[in-house]
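Architecture and fold: a report
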Amino acid sequence: MLASYGTGFKYKNWLVLDGCGLFCAGITWFLHIWAAWVVITKVLDPWMGPGAITTMKLKKGEKLEDLGDPELLPTHKNIVMFTVHCLAFLTIAGLALAGHGKAMTTNPGAVPELAAPVGTVFSGPEGTKDEDGTKETDVLLEEKGKSDASGGVERRNGNSNGGTNAEGEGDEEQAIKPKPKVPHRTCRRCGPKSFKPPRAHHCSICNRCVVKMDHHCPWVNNCVGIGNHKFFILFISYTFLSCFYSLSLVMYRFFTCMNVMRGPACMHKPSDTLPIILLVIEGVLFGLFTSCMMLDQYTVVTTNVTQIDRLKGGDEVAPDHEVNETFGGDKGAELDWFLPKTVVFPSSMKEEIYGFCVPCDDKEENFARMATLV
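Since we're looking at a predicted model, the values are computed, not measured.

Section: the overall build of the protein chain
Counting its secondary structure elements, the protein chain contains 10 helices and eight strands. Buried positions account for 47% of the 374 residues belonging to the protein chain. Considering only contacts in the protein chain between residues 6 or more positions apart, those separated by 24 or more positions represent 67%. When the accessible surface of the protein chain is split by element, carbon and sulfur atoms take 62% of a total near 19900 Å².

Considering the confidence of the model for the protein chain
With 65% of its residues at a pLDDT of 70 or more, the protein chain has an overall mean of 76. Scored below 50 in pLDDT, residues 124–182 shows 97 contacts in the model against residues more than four places distant or in partner chains. Here residues 363–374 is a poorly scored stretch, pLDDT under 50, and it has 20 contacts once near neighbours within four places are set aside; other chains count.

Looking at the nonpolar core
Counting 22 residues, the largest nonpolar core has Val-39, Val-43, Leu-44, Phe-82, Leu-249 and Leu-279 as the members making the most contacts within it. Examining the composition of this core, we find that 10 residues originate from one element, helix H1 (residues 19–48), more than from any other.

Thoughts on the state of the cysteines
Linking two cysteines covalently via their sulfur atoms produces the bond known as a disulfide. Here the structure, examined in full by the defined rule, presents zero disulfides. Between Cys-203, a cysteine without a disulfide, and Cys-223, which holds the nearest cysteine sulfur, the sulfur-to-sulfur distance is 3.1 Å.

Some details on the environment of Phe-82
Of note, Phe-82 is situated in helix H3 (residues 76–105). Considered as a pair, Phe-82 and Leu-44 are 38 residues apart in the sequence and their alpha carbons are 6.4 Å apart. Residue contacts for Phe-82: discarding those within four places in its chain leaves Ile-40, Leu-44, Asp-45, Met-48, Gly-49 and Pro-50.

Concerning the UniProt feature "transmembrane region" (unreviewed entry) in the protein chain
The UniProt feature table records "transmembrane region" (unreviewed entry) at residues 20–40, 79–98, 231–254 and 274–295. Each end of residues 20–40 is marked by a C-alpha atom, and these two atoms are 31 Å apart; helix forms 100% of the span and strand 0%. Helix makes up 100% of residues 79–98 and strand makes up 0%, while its end C-alpha atoms are separated by 28 Å.

Notes on the packing of aromatic side chains
Within this structure, the stated rule accounts for seven aromatic pairs. Summarising the aromatic geometry, the rings of Trp-47 and Tyr-252 are spaced 5.4 Å apart at their centres and angled 45° between planes, so their arrangement reads as tilted. Taken together, the residues span a long stretch of sequence, with Trp-47 in helix H1 and Tyr-252 in helix H6 (residues 229–259) at a distance of 205 residues. On the basis of relative accessibility, which here comes to 4%, the residue Trp-47 falls in the buried class. Grouping aromatic residues by their ring pairs yields a cluster made of Phe-345, Tyr-354 and Phe-356.

What about helix H7 (residues 273–303)?
The end-to-end C-alpha distance of H7, which contains 31 residues, comes to 45 Å, matching closely the 45 Å that a straight helix rising 1.5 Å per residue would cover. Maximum bend of H7: about 35°, positioned at Gln-297. Among the residues of H7, Pro-275, Ile-276, Leu-279, Glu-282, Gly-283, Gly-287, Thr-290, Met-293, Gln-297, Val-300 and Val-301 are the ones counted as buried. Asn-304, located one to two residues past H7, shows a positive phi value of around 65°.

Considerations on the pattern of salt bridges
Where charged atoms from two side chains of opposite charge approach closely, those side chains can pair. For the structure shown, the criterion picks out four salt bridges. Between Asp-272 and Lys-42 there is a salt bridge whose closest N-O contact spans 3.1 Å. Here the residue Asp-272 occupies a position in the loop between H6 and H7, and Lys-42 occupies one in helix H1, the gap between them amounting to 230 residues. A salt bridge links Glu-325 to Lys-212, with the shortest nitrogen-to-oxygen separation between them at 3.3 Å. Here Glu-325, found in the loop between helix H8 (307–312) and helix H9 (347–354), pairs with Lys-212, found in the loop between strand S6 (208–211) and strand S7 (215–217); they are 113 residues apart in sequence, far enough to count as distant.

Some points on the environment of Met-293
If you trace the backbone, Met-293 turns up in helix H7. Met-293 gets classed as buried once you look at its relative accessible area, which sits at 17%. For the pair Met-293 and Phe-240, spaced 53 residues apart in sequence, the C-alpha separation works out to 9.8 Å. The residues contacting Met-293, other than those within four sequence positions of it, are His-215, Phe-232 and Ile-236.

Here we look at the environment of Pro-359
Mapped onto the secondary structure, Pro-359 falls in the loop between H9 and helix H10 (364–371). A C-alpha to C-alpha distance of 7.4 Å links Pro-359 and Ala-115, two positions 244 residues apart in sequence.

Quick look at unusual backbone geometry
Of note in the backbone geometry, Lys-212 takes a positive phi value of approximately 55° without being a glycine. Phi at Asn-221 takes a positive value of approximately 50°, unusual for a residue other than glycine. On the secondary structure map, Asn-221 appears in the loop between S7 and strand S8 (222–224).

A look at the side chain of His-215
Mapping His-215 onto the fold places it in strand S7. Looking at His-215, its side chain comes within polar contact range of the side chain of Asp-214, at 2.6 Å. In this structure, His-215 is in contact with Asn-222, Cys-223, Val-224, Phe-232, Met-293 and Gln-297, ignoring residues within four places of it in sequence.

Regarding the packing of H1 against H7
It is the contact of H1 with H7, at a shortest axis distance of 10 Å, that shows an interaxial angle of 135°. Considering their axes alone, H1 and H7 lie oblique with respect to each other. Crossing angle aside, the handedness with which H1 passes H7 is left-handed. Between H1, through Leu-31, His-32, Trp-34, Ala-35, Val-38, Val-39, Lys-42 and Val-43, and H7, the contact on the second element is made entirely by Pro-275, Ile-276, Leu-278, Leu-279, Glu-282 and Phe-286. For the contact of H1 with H7, the residue count by class is 11 nonpolar, one polar and two charged.

Conventions we followed
Residues numbered from 1 in each chain as written. Predicted model: local features only at pLDDT ≥ 70, side-chain atom pairs only at ≥ 80, totals over all residues. Heavy atoms only, no water. Helix = DSSP H or I, 4+ residues; strand = E, 2+ residues; numbered from the N terminus. Buried < 20%, exposed > 50% of the residue type's maximum accessible area, 1.4 Å probe, protein only. Contact = heavy atoms within 4.5 Å. Areas by Shrake-Rupley, 256 points an atom, 1.4 Å probe, with all protein chains shown as cover. pLDDT = per-residue confidence, 0-100. Core = buried A, V, L, I, M, F, W, Y, C linked by side-chain atoms within 4.5 Å. Disulfide = S-S within 2.5 Å. UniProt positions renumbered as here; feature names shortened; annotations may be inferred. Phe/Tyr/Trp six-rings, centres within 6.5 Å; stacked < 30°, edge-to-face > 60°. Expected span 1.5 Å × (residues − 1). Bend = angle between axes of the 7 residues up to and from the residue. Salt bridge = Lys/Arg side-chain N within 4 Å of Asp/Glu carboxyl O. Polar contact = N/O pair within 3.5 Å; in protein donor to acceptor, adjacent residues only side chain to side chain. Axes fitted to C-alpha atoms, helices over the stretch in contact; angles between N-to-C directions. Parallel < 35°, antiparallel > 145°, perpendicular 65-115°, else oblique. Left-handed = near helix turned anticlockwise from the far one by under 90°. Nonpolar A, V, L, I, M, F, W, Y, C, P; charged D, E, K, R; others polar.

Structural data, given as structure tokens:
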């Protein structure tokens, strides 16, 4: 089954088969599941859950009501609150793990093998041929197998890729003059003929060029790019919320014990102290880490420009559109922003956002030819 998982051009399912990354991803899942177990069984249950009764020790002649504040006793009201807290924490932890799983197994925006600049004409109108008598379709598809690295492709109306006719003007003049061939950027590590779109960077671990690559995160065992940036943001955001939630419960229970020393809030087994201390350490460390990551990603989300592109400058800028590339849509925050659902860009903007097209027209013959080259 793992034979169908990988990051190369031939794999149908995306998964980075890196030992260190898989180990870090496993640790991430373990810590989330372990934290949920401690919160429910060591913090909430002995405090306000069904286990509160069993932790109370009555002296001779002492009644349950004599132990302290009646509000702290395991009444029906507290059982309801126990259920609410459990469901809330499990929901947050579940969303964090769902975001992590999607971020790890989603293609981050790797450039396909047959990608071409936006505006490339695969076949001329009515079978027209290029200067050398070869159809443009043949130039783009067949030169994949040639060793000559000096070839280029023609680009029209490719305003996001520096095309020769950015505004769509001068079509009549271009039909008369010889059609120039504009060289496009390639990636020597993906292959001498592999097109490298603007804002794409090569990841040495994934061994692919990724559009709008922000960084390679070992904790999600994947690159963070335009295809899974939303899932990464959801993962760190819900992880931060789970850390904050667990620390708040522990602190509230601690200060309750300061006021009422006898009661189900404080009467837990001494063996439960160590897991709670470890939970606090985990919550503080990962809470600080994810909060810093959220602040670091704020500029990326609001400007659509990654830190790598910002440092490089030059042409590495975001396209001029109003779509939020991380969460999608142009109407502000929506419910889908907070759920691990795949971002769908408007079809009219998708090629501009990604910086490539495969294929660049909708002729059925090109689809058929590309299928034989995958």
